[in-house]
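# An overview of the molecular structure
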Amino acid sequence: MKNAIIAITMIALAILFSEHFHSFSVGFTLAIIAVSCSYFIAYQAIRRPQYTMSFLVVAVLTKLAITVTGVIWVFSANIIHSPITFLVAYALFSVAITYFISRYRSHRRDISDQQQREIFHTGLYELK
């Protein structure tokens, strides 16, 4: 149900902002790039838990750098016509992408938990 509501909201926004399609598409693209890079770096902390805080700080700085660079480039190249449309698209798609990435990670975690089997109650696990 949540996925349907998010999809309907995004389609409705795309229709509403069709007059300023360039602003909408640039905001959407910038949100995808910034959030995806940020989460890719942040999820590396799962593999190296001793550096968790470092990975999270680098992820936030990466998202900030991509966003600031993208906004400066977009405004200097005079690509967008409506800053409000750009802002709304960036904010809403950042939230939507964050939701979908989190759901994907929890789904992958559930699958990997189902594939593990404990060996003779020793605390050791083997993959099926």
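Residues numbered from 1 in each chain as written. Predicted model: local features only at pLDDT ≥ 70, side-chain atom pairs only at ≥ 80, totals over all residues. Heavy atoms only, no water.

Our next topic: the packing of aromatic side chains. Under the defined criterion, the tally for this structure stands at four aromatic pairs. Three or more aromatic residues link up through ring pairs in this structure, and these residues are Phe 24, Phe 28 and Phe 93. (Phe/Tyr/Trp six-rings, centres within 6.5 Å; stacked < 30°, edge-to-face > 60°.)

Below, the discussion takes up the nonpolar core. By size, the foremost hydrophobic cluster in this structure holds 18 residues, and its most contacted members are Met 10, Phe 24 and Phe 93. Those elements that provide at least two residues to this core are helix H1 (2-16), helix H2 (21-42) and helix H4 (83-115). Discounting residues that sit within four places of it in the chain, Phe 24 has contacts with Met 10, Leu 13, Ala 14, Phe 17, Thr 85, Ala 89 and Phe 93. (Core = buried A, V, L, I, M, F, W, Y, C linked by side-chain atoms within 4.5 Å. Buried < 20%, exposed > 50% of the residue type's maximum accessible area, 1.4 Å probe, protein only. Helix = DSSP H or I, 4+ residues; strand = E, 2+ residues; numbered from the N terminus. Contact = heavy atoms within 4.5 Å.)

With that settled, the discussion passes to the UniProt feature "transmembrane region" (unreviewed entry) in the protein chain. In the numbering adopted here, UniProt assigns the feature "transmembrane region" (unreviewed entry) to residues 28-46, 53-74 and 80-101. Split by type, residues 80-101 is 86% helix and 0% strand. Its first and last C-alpha atoms lie 27 Å apart. (UniProt positions renumbered as here; feature names shortened; annotations may be inferred.)

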